[in-house]
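# Geometric and topological summary
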Amino acid sequence: MTYTQRADDDHFHDECGVFGIFGHGEAATHVVLGLHALQHRGQEACGIVSYDADDGRFHAHRALGHVGDAFGDESLMATLKGQAAIGHNRYATTGATVLRNVQPLFAEFDCGGFSVGHNGNLTNASTLRRSLVKQGCLFQSTSDTEVIVHLMAMRGGGSVIDRLTDAMRQVEGAYSLVALTEDSVIGVRDPLGVRPLVLGQLGDAWILCSETCALDIIGATWVRDVEPGEIVVLDRNGVHSLKPFAPQRQRFCVFEYIYFARPDSSIASRSVYQARRMIGAELARESHIDADLVVPIPDSGVPAAIGYAEECGLPFELGIIRNHYVGRTFIEPTDQIRHLGVRLKHNANRTLLEGKNVILVDDSIVRGTTSRKIVQMVRAAGAREVHMRISSPPTTNPCFYGIDTPSQRELLAHNLSVDAMADDIGVDSLAFITIDGLYRAMGESGRDSSFPQYCDACFSGDYPISLVDLANADKADPQLSLLWEG
Ligand code: SF4
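These notes cover the structure that comes with them. Going along each chain's sequence as written, the residues are numbered from 1 onward. Totals for whole chains, interfaces and linings use every residue, but because this is a predicted model, local features are given only for residues with pLDDT of at least 70 and side-chain atom pairs only at 80 or more, for both listing and counting. The basis for every side-chain value is the complete set of non-hydrogen atoms in the structure, without hydrogens or water.

So, on to the site of the ligand. In the vicinity of the ligand, the contacting residues are Val 194, Arg 195, Cys 253, Phe 255, Phe 260, Cys 399, Tyr 401, Ile 403, Cys 455, Asp 456, Ala 457 and Cys 458. Grid spacing is 1 Å over the protein atoms alone, the probe is 1.4 Å, and a cavity is where that probe fits but cannot get out, while a pocket is an open set with protein on both sides within 12 Å along at least five of seven lines and lining residues have an atom within 4 Å of a point. To be counted as sitting in a cavity or pocket, a molecule needs more than half of its atoms within 2 Å of that site's grid points. A molecule is said to occupy a pocket when more than half its atoms come within 2 Å of that pocket's grid points, and by this definition the ligand occupies the largest cavity. Helix and strand definitions follow DSSP, with helices as H or I runs of at least four residues and strands as E runs of at least two, each counted in order from the N terminus. Elements with a contribution of two residues or more to the shell around the ligand: helix H9 (254-260) and helix H19 (457-460). Side-chain classes are defined by residue name, with Ala, Val, Leu, Ile, Met, Phe, Trp, Tyr, Cys and Pro counting as nonpolar, Asp, Glu, Lys and Arg as charged, and the others, Gly among them, as polar. Looking at the shell around the ligand, its residues break down into 10 nonpolar, no polar and 2 charged. Residue proximity to a molecule or strand is established when one non-hydrogen atom of the residue lies within 4 Å of it.

The buried label applies to any residue whose accessible area, calculated with a 1.4 Å probe on protein chains only, is under 20% of its type's maximum; exposed applies above 50%, and partly exposed to all values in between. With 7 of 7 residues buried, strand S4 (residues 84-90) lies mostly within the body of the structure. Residue alternation in S4 divides its side chains into two sets, Ala 84, Ile 86, His 88 and Arg 90 and Ala 85, Gly 87 and Asn 89, and both sets are buried. For two strands to count as paired, DSSP must find a minimum of two bridges between them. As paired strands, strand S1 (residues 16-22) and S4 are joined by 7 bridges and run antiparallel to one another. The partner of Val 18 across the bridge, within S4, is His 88. As judged from the 7 bridges shared by strand S2 (residues 45-52) and S4, these two strands associate in the antiparallel manner.

What follows covers the sheet that holds strand S22 (residues 429-432). Pairing within the open sheet is parallel, and its 4 strands lie in the order S17-S20-S21-S22. Two strands lie at the open edges of the sheet, namely strand S17 (293-296) and S22, each paired on one side alone. Across the sheet, the mean angle from the axis of one strand to that of its neighbour is 20°, orientation sign disregarded. With 4 bridges connecting them, S17 and strand S20 (residues 357-362) associate as parallel partners. Bridge pairing links Leu 293 to Val 358 in S20. The contact rule is simple, with two residues in contact once any of their heavy atoms fall within 4.5 Å. Each axis is a line fitted through C-alpha atoms, and for a helix only the stretch in contact is used; angles between axes span 0 to 180 degrees, taken between their N-to-C directions. Along the sheet, helix H10 (residues 272-287) contacts strand S21 (385-390) and S22; its crossing angle with S22, the most-contacted strand, is approximately 125°. Helix-sheet contacts for helix H15 (residues 369-380) involve S20 and S21, and the interaxial angle to S21 is about 150°.

It is the contact of helix H5 (residues 125-134) with helix H6 (residues 145-155), at a shortest axis distance of 10 Å, that shows an interaxial angle of 40°. Accordingly, the angle class assigned to the pair H5 and H6 is oblique. Of the two elements, H5 crosses H6, and the hand of that crossing is left-handed. Within the contact between the two elements, H5 uses Ala 125, Leu 128, Arg 129 and Leu 132 and H6 uses Val 147, His 150, Leu 151 and Met 154. Roughly parallel refers to an angle under 35 degrees, roughly antiparallel to one over 145, roughly perpendicular to one between 65 and 115, and oblique to any angle outside these ranges. The hand of a helix crossing depends on one turn: near helix anticlockwise from the far one by less than a right angle means left-handed, and clockwise means right-handed.

Further remarks concern the side chain of Gln 43. By the secondary structure assignment, Gln 43 is in the loop between helix H2 (27-37) and S2. Judged by its relative accessible area of 19%, Gln 43 is buried.

A separate point is the side chain of Arg 276. Among the secondary structure elements, Arg 276 is positioned in helix H10. Whenever a nitrogen or oxygen atom comes within 3.5 Å of another N or O atom, the pair is scored as a polar contact, on the condition that within protein one atom can donate a hydrogen and the other can accept it, and that pairs from neighbouring residues in sequence are kept only if both atoms are in side chains. There is a polar contact of 3.2 Å between the side chain of Arg 276 and the backbone oxygen of Glu 256. Among the polar contacts listed, one links the side chain of Arg 276 to the backbone oxygen of Ala 261, at a separation of 2.7 Å. Filtering out sequence-adjacent residues up to four positions away, Arg 276 remains in contact with Glu 256, Tyr 257, Ile 258, Tyr 259, Phe 260, Ala 261, Pro 263, Pro 303 and Ala 304.

On to unusual backbone geometry. Here the residue pair Gln 103 and Pro 104 is connected by a cis peptide bond, since its omega of 0° sits within 30 degrees of zero. Counting through the fold element by element, Pro 104 comes out in the loop between S4 and strand S5 (105-109). Cis geometry marks the peptide bond from Pro 298 to Asp 299, where omega comes out at -10°. When you line up the elements, Asp 299 lands in the loop between S17 and helix H11 (302-312). The residue Ala 268 is not glycine, and still its phi comes out positive at about 50°. Summarising the element assignment, Ala 268 is placed in the loop between strand S15 (266-267) and strand S16 (270-271). Not every positive phi belongs to a glycine, and Ser 269 is a case in point at roughly 65°. Relative to the assigned elements, Ser 269 resides in the loop between S15 and S16.

Structure below.
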């Protein structure tokens, strides 16, 4: 991802996407399609590892960049042979984006080869890593996924499943992973089920992937979500389920519903699009103000704006148009040109906005940089009043569970009250959905403060998984690697 994209894209960022398939003659091709559908979860790098039972070998290709660029070559695809394969889209939440960090990782154990791709973040990875290095482990990457591989190696015996189960008992964090062995594809979801993972079927083949949209693209059917703390093994005998962790109450990431997941995906049988519409409707019930138009900030604000407009009976209009063809290799070297970044991506639809009182609907405000520019643009297009409504509560805390977020001091809502944020962004009024309103929109009677139904730590500061590395940060050098590959 280029500097320009990061600079004008003021969102929390998706973590990674995973896809695995067992029992299909064109396994790797289906992984390419699945990763293509999951491209929104990570655009910095991607990789596929397949296993061919006929030649008894694993085959791999990893590359920086998008799936279409990395896997568009027919002769390359011909090398990714086999009936089982896993793939990974990477957005670098830990470890720099260099090829040695690109997943799936591969390791050779005495019990056979093992490849793994991981979505999420291990909150005790650095602590475990330091201990493993002291025991003699030589790390090849700065990715926390490699910790899992070394824990498996250090166990010194047992089947791959035994080793993996043992390793997963030692790690803490929010994760969904897919792994490939010589005779299986394995999926694991963290005990609280913070990150998504679903099981699907295509004829005799079985699939594990981050979101249902990746099943749709290959014509597969959704079977069920992998349960929190479940290990699912796909092999020639079908699907096997293991539950090695003590059961805990689920704390799925509520931000997946608000922004991360694709709106055409369903999570826990709930349509993401419908959830966003319901959140928009609740937002209108909580904080509607009289105006002429409801305008989404595209694309992520669209479903919530539809729900908002339906609820308050105002026209929904595309008052801001997004240019979908902004090149991802567009690099702007100067501050002056970089300042124009948001205009490359969004433009005001002047004929709709002129002389109107406008309600802008967006999913979140992180630093406020994009919001400020969009409000200026809407005012410059002649809007009389500009009000902003946000379909998440104020993001006051960073995420440590696999989402790329700025530090807390960079979060606008951490530093300013809602009224001060309204002044800073330049709107006539600003309102966020309340945390109870968000839970109501999700079908609950409100947030259960003793056992919250979701992870909402970036809004509440209530972190459901202990932040071991953060607590240990003052006790050791956080530096992960001495080797810099720019
Ligand atoms: S802290 Fe926020 S973004 Fe991170 S897992 Fe929890 S709800 Fe999702």
